[in-house]
Amino acid sequence: MEKVAIVGVGQTTYERRKEDTFDELVFEAATKALADAGGGIGDIDNIVTVSNDFWDGRTISSMGIQDAAGSWDKDISTVEGDGTFGVLYGMMRALSGSFETTLVVSHMKGSEAVMNLITNAIFDPIFQRSLGIDATSSAALQARLYMEKIKASQEDFALASVKNHKNAMNNPNAQLPMDISVDDVMKSKMLADPLKMLDCSPISDGAAAVVIATEKGAKRFKKSPVWIKGVGHVSDAYTLGYRDLASTRALDAAASKAYKMAGIKDPMKDLDVVELYDAYSYMEPLWYEGLGLAKEKKGVELLKSGATAMDGDLPVNPSGGVISAHPVLVAGMTRVVEGVLQLRGEAEKRQVKGAKTALAHGINGACGQSHCVFVMGV
Amino acid sequence: MADWLDKVENVYFEGRIKVPYKWYVGEVGSRFLVALRDKQELWGTKCPKCGTVYVPPQKNCGECFVPADTWVQVKDTGTLESFTEVHYSHTMQPESPPLIYGLIKLDGADGSMLHLIKGVDPKDLKVGMKVKAVFNDKREGTILDISHFAPE
Amino acid sequence: MGKKVAIVGFGQTYQRSSRKDVNGVELINEAVRAALEDAELTINDIDAIVIGNMDHFEGVNYVDCWSAEGSGAVMKPIFKVTTGGTTGTTVAMCGYYHVASGMFDRVLAIGWEKNSESDTTGAIVTAFHPVWERTRFGGAIAGLAVEASKYMHNYGVTERDGARVAVRERLHALNNPYSQLHQDWMKGMEPEQIVDLLVTSEQNQMLAYPLRMSDMCPRTDGAAAVVFASEGVAEKIAPTPAWVISTHNRHNYVFLGDINWDRNDTLEAAAKKVFEDAGIKEPLKEIDVCELYLPYSYAGLKWMESIGFCGPGEGPKLVWDGVTDMDGELPVNPSGGVMSSNPIGATAILRVGEGALQVMGKAGDRQVPKDVNYSLCTGFGGCNWADVMLLGKKKPS
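Conventions and cut-offs
- For every chain, the first residue of its written sequence is number 1, and the numbers climb from 1 along that sequence.
- Written order determines the labels here, with chains lettered from A and ligands numbered from 1.
- For this predicted model, a pLDDT threshold of at least 70 governs which residues receive local features, and a threshold of 80 or more governs which side-chain atom pairs are given and counted, while totals over whole chains, interfaces and linings are taken from all residues.
- Helical segments are the DSSP runs of H or I of at least four residues, strand segments are the runs of E of at least two, and each set is numbered from the N terminus.
- Radius of gyration: C-alpha atoms only; globule rule: 2.2 Å multiplied by the number of residues to the exponent 0.38.
- Exposure criterion: with C-beta atoms placed from backbone coordinates, a residue whose C-beta has 20 or more other C-beta atoms within 10 Å is buried, one with 12 or fewer is exposed, and one in between is partly exposed.
- Residues are treated as contacting if the C-beta atoms built from their backbones sit within 7 Å of each other.
- Note on pairing: two strands pair once DSSP finds at least 2 bridges between them.
- Between N-to-C directions, angles cover 0 to 180 degrees, with each direction set by a line fitted to C-alpha atoms, over the stretch in contact for helices.
- Here the nonpolar group is Ala, Val, Leu, Ile, Met, Phe, Trp, Tyr, Cys and Pro; Asp, Glu, Lys and Arg are the charged ones; every other residue, Gly included, is treated as polar.
- Given the number of residues in a helix, its expected span is that number minus one, multiplied by 1.5 Å.
- This arc is taken over the directions from the axis of the helix to the C-beta atoms.
- A set of buried residues qualifies as a nonpolar core if it consists of Ala, Val, Leu, Ile, Met, Phe, Trp, Tyr and Cys joined through C-beta atoms within 7 Å.
- Small angles under 35 degrees read as roughly parallel and large ones over 145 as roughly antiparallel, with 65 to 115 read as roughly perpendicular and the rest as oblique.
- Each crossing is labelled by how the near helix is turned from the far one, with a counterclockwise turn of less than a right angle marking it left-handed and a clockwise turn marking it right-handed.

**Quick look at the overall build of chain B**
Part 1 of the argument: Secondary structure assignment for chain B yields one helix and 10 strands.
Part 2 of the argument: When the helices and strands of chain B are placed in sequence order, the string is α-β-β-β-β-β-β-β-β-β-β.
Part 3 of the argument: Taking 152 residues into account, the globule formula puts the C-alpha radius of gyration at 15 Å, and chain B, at 21 Å, lies well above it.
Part 4 of the argument: In chain B, which comprises 152 residues, the proportion classed as buried is 38%.
Part 5 of the argument: Pairs at least 24 apart in sequence give 47% of the contacts found in chain B among residues at least 6 apart.

So this is what it looks like as C-alpha cells:
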C-alpha cells in the first residue's frame with residue numbers, strides 16, 4: 001500500500017454537557033487539527049464528516065456542520081458510523097489519486113439526545129424494538145454470555161473500569177477521571193445486570209478531527225507524519241441471537257488484516273500501546289481476545305496480570321478509554337488521535353515511553369457488531 | 001469582543017422528531033406473525049446449505065447468502081442462553097422496570113430469540129434454564145403476541 | 001498513484017410506490033442479487049460493501065449493521081455513507097474510492113429506500129435547522145418552487161417549458177420496466193399535445209406555484225446496487241466496463257437562505273471540475289448521454305445551463321428542439337429519471353447505474369440509438385448539493 005499518514009489531530013474536551021452547538025464543536029476540532037498539522041483549510045483537498053441522523057435529530061445531519069468543516073468549494077462526503085470508519089474513508093480518498101490530503105471530523109452531543117431511544121432504534125423494528133431493548137440491556141446480555149463462557153465474575157470486569165478511570169486522571173480531555181476501587185464499581189447502581197453504573201461508559205459531548213495526507217501531501221504541513229501501517233474493518237451478523245456474542249470473529253478478521261498489512265506477527269510484543277473501544281467494562285477483556293492480545297477465553301487473565309496497565313508490557317487505554325468519555329462516533333476517532341499523540345511523544349502525563357507502534361480500535365452497532373482496527377507507526 | 005457577549009443567556013429549544021412509520025414485515029415475517037396470532041405456533045426458516053433454522057424467520061441466510069426457503073415448525077419451549085434484569089426506564093419499554101430480557105434458544109431453532117422473561121425470581125435465573133412461551137389471549141400479529149417466556 | 005476503476009455490474013429492483021411483500025433488508029437483498037447476477041459474480045467475490053439511505057425514511061439506526069444479512073456483509077467490510085438526496089452518488093463515489101485507493105478490487109455499492117414506510121415530507125423537514133429553518137420550511141416542493149419561480153422571472157420561461165421536460169421523462173420511462181411510473185396514456189401522443197393537456201387539466205393539481213403534480217417526482221420503494229472493479233480485474237468481469245473518468249461534488253450550502261437562487265452554482269462548479277479533469281471542452285458535443293438527477297421539471301431546463309450544455313436561459317430551446325429526446329443529440333434520462341422513479345437513497349445511484357448501462361450497451365429498450373463514449377450522471381439533494389460522475393467507454397490513461 002502506498003504511504004499515507006496522519007499529520008494533524010484535534011479534539012475538544014469531553015464533557016457530560018457542552019454549551020457549544022454541533023458546528024461550533026466541529027469548527028473547534030477541525031481548526032485544532034489544522035493548527036496541529038501546521039497548515040490551513042487551503043491545504044485540504046477534500047473532507048469527510050462523520051455524523052448520525054438519529055443522534056443529531058436531523059435528517060442529513062452532515063448539513064448541520066459541513067460549513068464548519070470547511071466544505072466550501074471542496075469535494076466532501078459523510079460516513080454515518082464510528083469515527084474509525086471515517087478515518088478509513090478519508091484514507092481511501094487520499095490514496096485514490098484524486099486528493100493528497102483529507103480532513104476528517106466527527107462530532108456528538110449525547111446531551112441533546114435520549115440515548116436509550118436512539119440505541120433502541122438500532123434494533124429491528126419488527127421483532128426486537130418493541131421489547132424496549134437498547135445499547136445497555138443488549139450489552140448486558142453479551143456480558144453474561146461472556147461471563148458464562150470464561151467463568152468470570154463481575155469483579156473481574158470491574159478491573160477494566162478501575163484501570164481506565166485511573167488512567168483518565170492523566171488525560172485533561174477525559175470526562176471521568178476517577179480513582180476508584182473494584183468495591184466502588186460493585187457498589188454502583190445496577191443498571192442491567194451484570195452491568196452497573198461504573199461498568200458503563202457515560203453520555204458525552206465532544207468532537208475530534210484528523211488530517212490525513214499522502215507522502216506528497218504531508219509536505220504541505222509542518223508536523224512529522226504518523227504512518228498508517230495497516231487497517232482492517234469487518235462486520236459480524238446483525239441478528240442478536242444469531243451471532244455468538246461471546247466470540248470475536250469479526251474483530252479477529254479485522255485485526256488480522258491490519259496486522260498483515262503492518263507486518264505485526266505477535267501483537268503483545270510488536271505493539272507498544274493500544275487504544276480500544278471499551279463502551280462497557282467487559283468489552284476490554286473481550287476485545288483483547290479479538291485483537292490477539294490474549295488467546296480465546298483468556299482476556300480476563302490478561303487483564304488481571306497487569307500487563308495492560310500503564311506500567312505493564314502493553315498499556316491499554318492510557319487515555320482512560322471510552323468508559324471515561326463516550327461521545328458516540330467521535331470515540332473511535334479519539335482512539336486514533338490518542339494513538340497518534342502517543343507515537344509523537346506528545347501524550348504528556350499519559351505517555352507510554354518510547355511508543356513506536358500503536359493500535360486504535362473502533363466499533364459500530366450493538367454489542368460491537370462491526371469493527372475497525374488501525375495500526376500506526378513512526 | 002464585546003463585553004455583553006459574556007453575559008449571554010444560553011437559550012434551549014426543545015423539539016421532537018415525530019415521523020410516523022409503517023414497516024412492511026414482508027411475506028416471510030408475516031407468515032411467522034400470522035402463525036403466532038392465529039395458531040400460537042412458532043415457525044422458522046431453514047438454510048439449505050448450512051442447515052441453520054432461523055426464528056424469527058429470515059428470507060436470506062446471512063452466512064451462506066442463499067435463500068432460507070424451507071419452513072420448519074419449532075417448539076414453544078427452549079433454553080435460556082442469556083438474560084439481564086433491567087432497572088432503568090425509557091419510553092420504548094413495554095412495561096416499567098424491573099424487567100427481564102432473555103435470549104431463548106427454542107427447541108428446533110439454531111440461534112436464539114430475544115424476548116421478555118417473567119414468572120421467575122431474578123435471583124433464580126440461570127443460563128441453561130428451560131423456559132416456555134406464554135401467549136397473550138388477545139393477539140394482533142406482533143412479537144408481543146407472545147407475552148413472555150417463563151420457566152417450565 | 002490511485003487505480004483506474006470501472007463499473008462491471010448493475011442491479012435494481014422493480015420500483016413501486018410500495019413493496020408490501022418485503023421488508024427493507026429483503027429489498028436490499030434483491031438488488032444485491034441482481035447486481036451480482038449482472039456482473040456474473042458471487043458474494044464471495046466481493047471485497048467490501050458500502051451502503052446508503054436516509055435514516056428517517058425507514059426509522060432504522062445503523063443501517064449498515066441492520067442490513068448485514070441481506071446486503072452480504074456478514075463477515076465482510078462494510079460502512080454507511082449518507083448525504084441526503086445525493087446519497088446514491090455519495091455511495092457510488094464511495095465505492096469508486098474504495099477501489100481507486102488500491103485497497104479493494106471488487107466493491108459493491110448499494111443505495112435503497114422504502115419511502116412508503118414513512119411520511120416523506122415529515123422526514124425531509126427534519127433536514128433543516130431546528131431553530132432557524134424547520135418551523136417555517138415547506139418541504140422539498142416549496143424550495144424547488146421558489147427556484148422555478150426565480151428562473152421563470154429571470155428568463156421568461158413558461159409553465160409549458162417545464163411541462164415539456166416532464167413529458168420527456170415520462171415518455172422515456174415507458175421503455176424502462178423498472179421505473180415506478182408508466183403513464184401509458186401518453187403512448188403514441190405528440191409531446192406538444194401532452195404538454196397542452198398537462199398545463200390545462202384541472203386534475204393536474206397545483207401544489208406550489210408553478211409546480212403541479214406532473215412537475216414533481218414520486219416517492220418510491222426501491223434498491224439498486226453497482227459493482228465497481230479495479231483495472232486489471234474489471235476487464236475480466238465485463239466485456240465493456242464503464243470506466244469512471246472523473247467525479248466531483250460540491251455541497252457548499254447548509255442554510256436554504258444562502259443558496260444562489262439565480263444559478264445552480266454548485267452544479268456549475270462540480271461539472272466544471274469533472275470536465276476539466278476529463279479534458280471535455282464542448283459538453284453538448286462530447287457527452288453522448290446523460291442521467292441527470294432532476295427532482296422536478298424546471299431543473300431539466302435550468303440545470304442544463306448549469307452543466308454547460310447551453311447558455312443561460314437557453315434550456316427551453318434545447319428541450320423543445322428535441323435535443324434531449326431519445327433520438328436527439330444529447331438524450332437525457334433514457335431511464336425516465338427521478339421524475340418517474342424516486343427511491344431516494346437509491347435515486348442517485350440509479351443515475352450512475354443507468355448511465356453505466358448506456359456505456360456497456362446493456363440498456364435494452366432504453367438504450368440510446370448512438371455510440372456511447374461518455375455518459376454523465378449527477379446527484380442532487382439538500383441545499384443545492386451537486387454530485388457529478390462521468391463514465392466512459394475508453395479506459396482513462
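**Brief notes about the overall build of chain C**
Part 1 of the argument: Broken down by element type, chain C carries 15 helices and 11 strands.
Part 2 of the argument: Radius of gyration (C-alpha) of chain C: 19 Å, near the 21 Å computed for a compact globule of 397 residues.
Part 3 of the argument: On the principal axes, the C-alpha backbone points of chain C span a range of 55 × 45 × 40 Å.
Part 4 of the argument: Pairs at least 24 residues apart make up 80% of the contacts formed inside chain C by residues separated by at least 6 positions.

**Quick notes on the sheet that holds strand β9 (residues 289–291) of chain C**
Residues and elements named next belong to chain C.
Part 1 of the argument: If you walk across this open sheet you meet the nine strands as β3-β2-β4-β7-β1-β8-β11-β10-β9, and the pairing is mixed. Edge strands, defined here as strands with exactly one partner in the open sheet, are β3 (78–80) and β9. Averaged over neighbouring strand pairs, the angle between their axes works out to 25° when direction is ignored.
Part 2 of the argument: Here strand β10 (residues 374–381) pairs with strand β11 (residues 385–392) via eight bridges, running antiparallel. Along β11, the bridge assignment pairs Tyr374 with Gly392.
Part 3 of the argument: Those strands touched by helix α1 (residues 24–39) are β1 (5–12), β4 (106–114) and β7 (221–230), and its axis lies near 130° from that of β1.

**Some words on the interface of chain B and chain A**
Part 1 of the argument: Taken together, the contact pairs 33 residues of chain B with 30 residues of chain A.
Part 2 of the argument: Those elements that provide at least two residues to the side of chain B that touches chain A are β6 (77–86), β7 (99–106) and β8 (113–117) of chain B.
Part 3 of the argument: Per element, the largest residue contribution to the side of chain B that touches chain A is six residues, and it comes from β6(B).
Part 4 of the argument: A per-class count over the side of chain B that touches chain A returns 18 nonpolar, 13 polar and two charged.

**Here's the deal with helix α11 (residues 265–278) of chain C**
Residue and element names in this part refer to chain C.
Part 1 of the argument: For α11, spanning 14 residues, the distance from its first C-alpha to its last is 20 Å, which sits close to the expected 20 Å at 1.5 Å a residue.
Part 2 of the argument: Regarding α11, the residues found buried are Thr266, Leu267, Ala270, Ala271, Val274 and Phe275. One face of α11 carries all of its buried residues, which in axial projection span an arc of 155°.
Part 3 of the argument: For α11, the elements touching its buried residues are β8 (242–250), α12 (283–286), α13 (299–307) and β11.
Part 4 of the argument: In the stretch just after α11, Gly279 is the one whose phi turns positive, near 70°.

**As for the interface of chain C and chain A**
Part 1 of the argument: On the side of chain A, 51 residues touch chain C, which itself brings 51 residues to the contact.
Part 2 of the argument: At the level of secondary structure, the elements contributing two or more residues to the side of chain C that touches chain A comprise α2 (55–58), α3 (63–66), α4 (68–71), β3, α5 (87–100), α6 (120–125) and β8 of chain C.
Part 3 of the argument: A total of six residues in the side of chain C that touches chain A trace back to one element, the largest contributor, which is α5(C).
Part 4 of the argument: Along the lines of polarity and charge, the residues of the side of chain C that touches chain A split into 26 nonpolar, 19 polar and six charged.

**Quick notes on the nonpolar core**
Part 1 of the argument: Among the nonpolar cores identified, the biggest contains 315 residues, and A:Val210, C:Ala109, C:Ile110 and C:Val226 are the most heavily contacted of them.
Part 2 of the argument: Not counting chain neighbours up to four residues away, the residues in contact with C:Ala109 comprise C:Val50, C:Val91, C:Ala92, C:Cys94, C:Gly95, C:Ala225, C:Val226, C:Phe228 and C:Ile349.

**A word on the sheet that holds strand β2 (residues 46–50) of chain A**
Residue and element names in this part refer to chain A.
Part 1 of the argument: The strand order β3-β2-β4-β7-β1-β8-β11-β10-β9 describes an open sheet built from nine strands, whose pairing is mixed. Edge strands, defined here as strands with exactly one partner in the open sheet, are β3 (75–79) and β9 (273–275). The mean inter-strand angle of the sheet, taken between neighbouring strand axes irrespective of direction, is 25°.
Part 2 of the argument: As paired strands, β2 and β3 are joined by five bridges and run parallel to one another. Looking at the pairing, Ile47 lines up with Ile76 of β3.
Part 3 of the argument: Against the sheet, helix α3 (residues 83–95) contacts β1 (4–11), β2, β3, β4 (101–109), β7 (205–214), β8 (226–235), β10 (357–364) and β11 (370–377), and its axis sits at roughly 165° relative to β4.
Part 4 of the argument: Packing of helix α12 (residues 330–344) onto the sheet brings it into contact with β1, β2, β4, β7, β8, β9, β10 and β11, and relative to β10 it is tilted by some 175°.

**Quick look at the pairing of β11(C)**
A regular strand places its side chains so that they alternate between the two faces of the sheet.
Part 1 of the argument: The element β11(C) is largely enclosed, with a buried count of eight among its eight residues.
Part 2 of the argument: Hairpin connection between β10(C) and β11(C): a loop of three residues separates the two successive antiparallel strands, and C:Gly382 in this loop has a positive phi of roughly 45°.

**Some points on α5(C)**
Residues and elements named next belong to chain C.
Part 1 of the argument: Over its 14 residues, α5 runs 19 Å from end to end, which matches the ideal 20 Å to within 8%, given 1.5 Å per residue.
Part 2 of the argument: Within α5, 14 of the 14 residues are buried, leaving the element largely enclosed by the surrounding structure.
Part 3 of the argument: Phi turns positive one or two residues past the end of α5, at Gly102, with a value near 85°.

**Overview of the pairing of β7(B)**
Residue and element names in this part refer to chain B.
Part 1 of the argument: Taken across its eight residues, β7 has seven buried, putting it largely inside the fold.
Part 2 of the argument: Of the strand pairs in this sheet, β6 and β7 are connected by eight bridges, and their pairing is antiparallel. Counted as the bridge partner of Gly78 is Leu106 from β7.
Part 3 of the argument: As paired elements, β7 and β8 share five bridges and run antiparallel to each other. Bridge pairing links Tyr101 to Leu116 in β8.
Part 4 of the argument: Remark: six residues form the turn of the hairpin made by β7 and β8, two consecutive strands paired antiparallel; Gly108 in that turn has positive phi of roughly 110°.

**A closer look at the packing of α11(C) against α13(C)**
All names here are of chain C.
Part 1 of the argument: With their axes 8 Å apart at the nearest point, α11 and α13 run at an angle of 45° to one another. By the angle class used here, α11 and α13 are oblique. You can see that α11 and α13 cross each other, and the crossing is right-handed. Residues Leu267, Glu268 and Ala271 of α11 form the contact with α13, whose own contacting residues are Trp303, Ser306 and Ile307.
Part 2 of the argument: Here the contact of α11 with α13 is built from residues that sort into four nonpolar, one polar and one charged.

**Digging into the packing of α3(A) against α12(A)**
Part 1 of the argument: Two elements in contact, α3(A) and α12(A), have axes whose closest approach is 5 Å; the angle formed by their N-to-C orientations is 65°. Across the interface between the two elements, A:Gly83, A:Thr84, A:Gly86 and A:Val87 of α3(A) pack against A:Val330, A:Ala331, A:Gly332, A:Met333 and A:Val336 of α12(A).

**Considerations on the environment of B:Thr79**
Residues and elements named next belong to chain B.
Part 1 of the argument: Of note, Thr79 is situated in strand β6.
Part 2 of the argument: Between the C-alpha atom of Thr79 and that of Ser112, which follows or precedes it by 33 residues, the distance is 8.7 Å.
Part 3 of the argument: Setting aside residues up to four positions removed in sequence, Thr79 forms contacts with Lys105, Gly128 and Lys130.

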